[in-house]
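Inside the fold
Spelled out, the chains give:
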Amino acid sequence: MTKHDKPTIFVTRRWPAEAEAALSQYFSPTFNEGDTPLSAAEMAAGFSSHDAIAPTVSDKIGADIISAGARGSGRLIANFGVGVNHIDLEAAASAGILVSNTPGVLTDATADLALTLILMLTRRAGEGERELRSGSWDGWRPTHLMGRALQGKTLGIIGMGRIGKAVAHRAALGFGMEVVFQNRSQITDKFNYSAKQLDDVDSVCRVADIVSLHCAASPQTYHVINSKSLAMMKRDACLINTARGDVVDETALAAALCESRIGGAGLDVFQGEPAINPALLSAPNTVLLPHIGSATVETRTAMGLKVVENARAFFAGDSLIDPV
Ligand code: DGY
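The structure presented is a predicted model; accordingly, all values stated were derived computationally and were not measured. (Residues numbered from 1 in each chain as written. Predicted model: local features only at pLDDT ≥ 70, side-chain atom pairs only at ≥ 80, totals over all residues. Heavy atoms only, no water.)

**Remarks on the environment of R75**
With respect to the helices and strands, R75 occurs in the loop between α3 (63-71) and β4 (76-78). For R75 and S48, which are 27 residues apart along the polypeptide, the C-alpha to C-alpha distance reads 9.0 Å. Apart from residues lying up to four places away in sequence, R75 is in contact with F47, D51, I97, L98, F314 and F315. (Helix = DSSP H or I, 4+ residues; strand = E, 2+ residues; numbered from the N terminus. Contact = heavy atoms within 4.5 Å.)

Okay, structure coming up:
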């Protein structure tokens with residue numbers, strides 16, 4: 001970059017128009033015009049020839065890409081998204097490359113989607129829609145597609161961060177649910193609804209009618225829902241995952257669903273996505289969505305604008321607004 005040029009940013013996927021326009025105002029971006037997944041080699045070449053890279057959750061930014069960037073002109077990884085488990089943070093730190101993310105702006109959209117999954121499962125909406133479209137609906141009858149009410153039931157949150165709290169708030173105040181939660185540190189908030197912190201994940205699994213996952217993916221949370229925790233759940237309890245696929249042992253989950261050991265699962269994220277474990281595709285009582293937790297125009301635009309803010313701060317020589 002010469003003194004008066006705009007810094008260059010390699011953007012791995014297309015963004016909403018308003019966010020792309022904001023980025024172009026302050027930077028010289030290279031967008032992935034085809035908007036198809038890039039190979040590691042393409043990302044390495046892009047990072048090393050630009051001042052920054054703006055990847056997404058589906059781009060694995062490993063040590064090879066980071067060191068290629070560092071050998072070239074790459075200085076910043078400005079992630080479009082809050083979760084950063086796809087970025088090798090240790091490699092970035094040792095290469096002296098900073099990483100930013102986009103917390104806060106996707107809290108409400110993701111919480112709304114967790115509630116969507118809860119309602120789709122408990123009110124059997126996916127099943128009903130499939131039945132109607134297949135032409136097999138034979139009319140109203142008192143025992144047709146009876147689901148379960150949420151009022152008075154217990155929601156168990158694993159990871160009471162921003163999104164966990166937003167889901168709890170909606171479920172308690174909007175649907176009359178009681179809340180229990182697990183969090184690695186003590187939560188001292190005063191909630192204006194019934195909410196109780198329990199000691200561990202298994203304690204939440206034992207009492208909850210809905211278990212909703214909102215913890216970050218890390219070595220500590222890898223397969224935190226496994227055959228043991230699934231065995232603790234009530235037979236009619238449902239599991240909701242809008243966090244990361246790695247948090248759930250999908251093979252154990254599919255087995256629990258097929259053997260009716262739990263009531264159902266609503267999943268927006270998967271290990272190895274976009275590939276889906278075939279056992280989950282054929283498991284009963286599941287609602288499967290293609291990682292759309294943050295997918296509203298408003299939120300995806302706000303995520304892009306957050307990338308712009310962080311990159312502007314960085315290239316102005318200020319601290320990152322959202323350092324990882
Ligand atoms: C994130 O930001 O981590 C989401 O999973 C993408 O919506």
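**Re the domain arrangement of the protein**
Interfaces are frequently sized by the accessible area removed from exposure as the parts join. Structurally, the protein comprises domain 1 (8-105 + 297-315) and domain 2 (107-288). Domain 1 and domain 2 are separated by 31 Å when their C-alpha centres are compared. The interface is formed by seven residues belonging to domain 1 together with six residues belonging to domain 2. Buried area between domain 1 and domain 2, summed over both chains or domains, comes out near 530 Å², and the portion from carbon and sulfur atoms is 46%. Interface area lost by domain 1 to domain 2 is led by V57, N85 and G104, which between them contribute 61%. Taken together, the links from domain 1 to domain 2 amount to zero salt bridges. (Domains from an automatic or database assignment. Buried area = accessible area lost by both parts, 1.4 Å probe. Salt bridge = Lys/Arg side-chain N within 4 Å of Asp/Glu carboxyl O.)

**As for the environment of S203**
Relative to the helices and strands, S203 resides in helix α8 (residues 201-207). Residues S203 and H144, spaced 59 residues apart in sequence, show a C-alpha to C-alpha distance of 34 Å.

**Some points on the state of the cysteines**
Taken as a whole and judged by the stated rule, the model has zero disulfides. This cysteine, C205, is not joined by any disulfide, and C215 carries the nearest cysteine sulfur, 11 Å off. Unpaired in terms of disulfides, C238 finds its nearest cysteine sulfur in C205, a separation of 13 Å. (Disulfide = S-S within 2.5 Å.)

**Topic: the pairing of strand β1 (residues 8-11)**
Two strands pair when backbone bridges link them, and β1 and strand β2 (residues 28-31) are joined in this way by four bridges, in the parallel orientation. The residue of β2 that forms the bridge with I9 is P29. What joins β1 to β2 is helix α1 (residues 17-26), and the crossover it makes is right-handed. With three bridges connecting them, β1 and strand β3 (residues 52-54) associate as parallel partners. Its bridge partner lying in β3, I9 is registered against A52. (Pairing = 2+ DSSP bridges. Right-handed = clockwise from strand over helix to strand, strands pointing away.)

**Section: the sheet that holds strand β12 (residues 286-288)**
Here seven strands make up an open sheet; going across it, the order is β8-β7-β6-β9-β10-β11-β12 and the pairing parallel. Each edge of the open sheet carries a strand with a single partner, namely β8 (195-197) and β12. Each strand axis lies, on average, 15 degrees off the axis of its neighbour in the sheet, ignoring direction. As defined by bridge partners, strand β10 (residues 238-241) adjoins strand β11 (residues 264-267) across four bridges and the pair is classed as parallel. If you follow N241 over to β11, its bridge partner there is L267. Sheet strands in contact with helix α5 (residues 107-122) are β6 (154-158), β9 (210-213), β10, β11 and β12, and its direction is about 150 degrees off that of β10. With respect to the sheet, helix α10 (residues 250-258) is in contact with β10, β11 and β12, its orientation differing from that of β11 by roughly 140 degrees. (Axes fitted to C-alpha atoms, helices over the stretch in contact; angles between N-to-C directions.)

**A few points about the site of the ligand**
Every residue lining the ligand is accounted for by G81, V82, G83, L106, R244, H291, S294 and M303. Residue G83 places a main-chain N or O atom 2.8 Å away from an oxygen atom belonging to the ligand. Coverage of the ligand by the protein amounts to 89% of the 230 Å² it exposes when considered alone. Tallied by class, residues from the shell around the ligand come to three nonpolar, four polar and one charged. (Near = heavy atom within 4 Å. Polar contact = N/O pair within 3.5 Å; in protein donor to acceptor, adjacent residues only side chain to side chain. Areas by Shrake-Rupley, 256 points an atom, 1.4 Å probe, with all protein chains shown as cover. Nonpolar A, V, L, I, M, F, W, Y, C, P; charged D, E, K, R; others polar.)

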